[in-house]
Amino acid sequence: MTQDTDQAPAPYNPMIRDMPADMLPRERLLKLGANALSTNELIAILLRTGVKGENVITLSSKLLVKVGGLSGLPEASVSDMSDIHGISAVKACQVLAAIELGRRAASANPEHRPSINSPDDVNNIVGPEMSQLAQERLCVLLLNTKNRVMAIRDVYQGTVNSASIRVSEILRPAVRENCPYIIVVHNHPSGDPTPSPEDILVTRRLNQSADMMDIELLDHIVIGQQSFVSMKQRNLGF
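Sequence order sets the numbering: in each chain, residues are counted from 1 along the sequence as written. Local features in this predicted model are restricted to residues of pLDDT 70 or higher, and side-chain atom pairs are both shown and tallied only at a pLDDT of 80 or more, whereas totals for entire chains, interfaces and linings draw on every residue. Only hydrogens and water are removed before side-chain values are computed, so all heavy atoms of the structure are retained for them.

Here we take up the pattern of salt bridges. Where charged atoms of side chains with opposite charge meet at close range, the side chains can pair. Only one rule defines a salt bridge in this text: a Lys or Arg side-chain nitrogen within 4 Å of an Asp or Glu carboxyl oxygen. Inspection of the entire model under this criterion finds eight salt bridges. Measuring nitrogen to oxygen at the nearest pair gives 3.5 Å for the salt bridge that ties E54 to K62. A residue is classified by how much of its surface remains accessible, and E54, at 15% relative accessible area, is buried. Note that K66 is salt-bridged to D83, the shortest N-O span being 3.9 Å. Linking K66 in helix α3 (residues 56-67) with D83 in the loop between α4 (78-82) and α5 (89-108), this pair joins segments that are 17 residues apart in sequence. Accessible area is worked out with a 1.4 Å probe on protein chains only. A residue is then buried under 20% of its type maximum, exposed over 50%, and partly exposed in between. Take K66: its relative accessible area is 43%, and that puts it in the partly exposed class. Several salt bridges converge on common partners, so that one network encompasses E129, R137 and D154. Labels follow the DSSP assignment, with helices taken as runs of H or I lasting at least four residues and strands as runs of E lasting at least two, numbered in each case from the N terminus.

Laid out in structure tokens, this is it:
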């Protein structure tokens, strides 16, 4: 029997210099502003260069996967990042320095923190990242009395279901940081944001428990790949 030696062609991964100018992160930032760029593109600007066979945008995507998304970057160490081929200790330090500057700027200027006025505002903040995750994640947005986001805390990652979720774990960040309002967000990796019966059950339990602790659950948002659902708007669990 002859062995088939044909191999699938390697995936095409253009280098940054080969990409059209309107797709380059720095050029896009200059033209559209930083808030128009994806998380991958912003990190790519910090990393500056990729490695042979892998452009810097792909490298930034690998970094996000490695640390568990944007929310995992502040917790990552230099050694965590530099385990990735193409990210040196110097590049890792640049990323961590940018994260720390952002944190300090937010602390120094609380009025510059994003304000939540609708479910669309929530999706604009966490949707771009959470819609691309291969695993489920549940996070809590902590809001002050002016509906400004004070912090975003990850609570669960992996399998998010009614059996594994503890309401006290979701409420703990709000209690610890004395925030009066919260919004819960989780993603459906299947891409379909339709809330499940378990989602409704958890929301109902959470809403009841939060009310007893003088914390108001403003919404529970389910993120899909192309859309999202506000459970508050659909009166599911509220």
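Attention shifts here to the nonpolar core. The nonpolar side chains of soluble globular proteins are, as a tendency, buried together. What is meant by a nonpolar core is a set of buried Ala, Val, Leu, Ile, Met, Phe, Trp, Tyr and Cys residues, joined one to another through side-chain atoms within 4.5 Å. Counting 18 residues, the largest nonpolar core has L138, V140, L142, I170, I182, V184 and L206 as its most contacted members. Secondary structure elements with two or more residues in this core: β1 (136-143), β2 (149-158), α7 (167-176), β3 (181-187) and α8 (197-212). No other element matches α7, which puts four residues into this core. Any pair of residues with heavy atoms lying within 4.5 Å of one another is described as a contacting pair. If sequence neighbours within four positions are ignored, V184 has contacts with L138, C139, V140, I170, L206, L217, D219, H220 and I221. Formed by 16 residues, the second largest nonpolar core is a distinct cluster that contains L59, V67, L73 and I87.

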